[in-house]
Amino acid sequence: MQLLIKFLAAPFAAAFLLLLMNGYFNTSMGERIIGGIKGIKLPEPDRAGSVPLETTLQKRRSVRYFQNIPLSLESAAQLLWAAQGITDRRGLRTAPSAGALYPLEIYLITGNVDGLEKGIYHYKPADHSLTLTSEGDYLLVVSRAALRQDAIQHAPAVFVIAGKQERTTVKYGERGVRYMYMESGHAAQNICLQAVALGLDSVTIGAFADRKVAEILKIEKDTEPLYIIPVGKAK
Ligand SMILES: Cc1cc2nc3c(=O)[nH]c(=O)nc-3n(C[C@H](O)[C@H](O)[C@H](O)COP(=O)(O)O)c2cc1C
């Protein structure tokens, strides 16, 4: 009997481990279920590229009308990486940050992104992944919260840069608030230039009702939305 238990223990343990891993990883979609929250591992970003920086600077223009075509998951991932991706073993990111305190949080609202259902996602730079925070079509309500700006409603993807000033003010006092806004500009410009490098277009939107956008995104009370950036292919 003891021999039988010994004999069966290894295959049982292996099967149990596989079952656990299956719940954790769903590799076909790059999805992981972690504590009931759906996490999506994003495609690795292109860290070399082929479009010169000067070309992106020359071509960037605010665009408010987008074609009704999907954004690829690779492009969405690349834009998130451009905004706040990690570029260094110490955890440093694409955009500079005062004291490397990183007050910014990036949200992606999808309207038409390949492989992502419509909803609101939160970007996690640490493992270049997204977490679905709200399922559903949110572009119309967000555009209404932004003076009904159509660019938001009709873009395939809308990036929201939010900031938690306490992360920076804890070290720099009141001046930390200014730093957070400056950082938001860095991240926004990264998104705009990356969009051009991908053959896409964008517009940076600052006119919106802060509280309404914060409510729609269900972001924490001490975090404020700073910038809304619709991205797509110009009409
Ligand atoms: C802080 C800031 C806020 C802005 N807010 C809006 C906005 O709410 N809606 C909009 O359509 N464009 C907005 N823009 C884009 C400007 O209108 C645009 O950058 C300007 O007209 C210059 O055009 P260009 O971006 O094509 O160079 C904003 C730009 C900045 C820098």
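Per chain, residues are indexed from 1 in the order of the written sequence. Per-residue local features of the predicted model are confined to residues with pLDDT of at least 70, and side-chain atom pairs are confined, for both listing and counting, to 80 or more; whole-chain, interface and lining totals are unaffected and use all residues.

Asker: Sorry if this is basic, but what is going on with the overall build of the chain here?
Answerer: Put simply, DSSP H or I for four residues or longer makes a helix, DSSP E for two residues or longer makes a strand, and each gets a number counted from the N terminus. Counting its secondary structure elements, the chain contains eight helices and nine strands. The exposure label follows from counting other C-beta atoms within 10 Å of a residue's C-beta, where the C-beta atoms are placed from the backbone and the thresholds are 20 or more for buried and 12 or fewer for exposed, leaving partly exposed in between. Residues counted as buried form 38% of the 235 residues belonging to the chain. Pairs at least 24 residues apart make up 69% of the contacts formed inside the chain by residues separated by at least 6 positions. Two residues form a contact once the distance between their C-beta atoms, set from the backbone, is within 7 Å.

Asker: Quick question: what am I supposed to make of the packing of helix α3 (residues 73-84) against helix α7 (residues 175-197) here?
Answerer: For any two helices packed against each other, one specifies the crossing angle of their axes together with the interaxial distance. Between α3 and α7, the shortest axis-to-axis distance is 7 Å and the interhelical angle comes to 145°. The crossing of α3 and α7 is right-handed. Here Q78, L79, A82, A83 and Q84 of α3 come into contact with α7, specifically with A187, N190, I191, Q194 and A195. Residues are sorted three ways: Asp, Glu, Lys and Arg are charged, Ala, Val, Leu, Ile, Met, Phe, Trp, Tyr, Cys and Pro are nonpolar, and all the rest, Gly among them, are polar. Tallied by class, residues from the contact of α3 with α7 come to six nonpolar, four polar and no charged. In this description, a line fitted to the C-alpha atoms serves as the axis of each element, helices being fitted only across the stretch in contact, and the angle between N-to-C directions of two axes falls anywhere from 0 to 180 degrees. The sense of a crossing depends on the near helix, which, turned anticlockwise from the far helix by less than a right angle, makes the crossing left-handed and, turned clockwise, makes it right-handed.

Asker: I tried to follow the site of the ligand on my own but got confused; where do I start?
Answerer: By definition, a residue lies near a molecule or strand provided its backbone-derived C-beta atom is within 6 Å of it. For the ligand, the full set of nearby residues is R61, S62, R64, Q149, V203, T204, I205, G206 and A207. Class assignment for the residues of the shell around the ligand results in three nonpolar, four polar and two charged.

Asker: Looking at this model, I keep getting lost on the environment of D210. Mind explaining?
Answerer: Relative to the helices and strands, D210 is located in helix α8 (residues 210-217). Classification of D210 as exposed rests on a count of 12 C-beta atoms within 10 Å. When near neighbours in sequence (up to four residues on either side) are disregarded, D210 contacts E224 and P225.

Asker: Sorry, what's going on with the pairing of strand β7 (residues 157-163) here?
Answerer: Working note: regular strand, side chains alternate between the two faces of the sheet. Buried residues dominate β7, accounting for seven of its seven residues. Here β7 shows two buried faces, one formed by A157, F159, I161 and G163 and the other by V158, V160 and A162. Pairing between strands is defined by DSSP: at least two bridges between the two strands are required. Pairing geometry for strand β4 (residues 104-110) and β7, over seven bridges, is antiparallel. What sits directly across from I106, in β7, is I161.

Asker: Can you walk me through the nonpolar core in this structure?
Answerer: Most often, soluble globular proteins have nonpolar side chains that are buried together. Connectivity within a nonpolar core runs through C-beta atoms within 7 Å, and the core itself is a set of buried Ala, Val, Leu, Ile, Met, Phe, Trp, Tyr and Cys residues. Judged by nonpolar contacts, the single largest core of 56 residues is most densely connected at V158, F159 and I191. Examining the composition of this core, we find that seven residues originate from one element, α3, more than from any other. Excluding anything up to four places from it in sequence, V158 contacts I109, L139, V142, I152, I228, I229 and P230.

Asker: Can you help me understand the pairing of strand β5 (residues 119-124) in this one?
Answerer: The pairing of β4 with β5 spans four bridges and is classified as antiparallel. Bridging across to β5, I109 finds its partner in I120. In this structure, β5 lies alongside strand β6 (residues 129-135), joined through six bridges in antiparallel fashion. Directly across from Y123, in β6, lies its bridge partner L130. Connecting β5 to the antiparallel partner β6 that follows it, the hairpin turn spans four residues, and H128 within it adopts a positive phi of roughly 45°.

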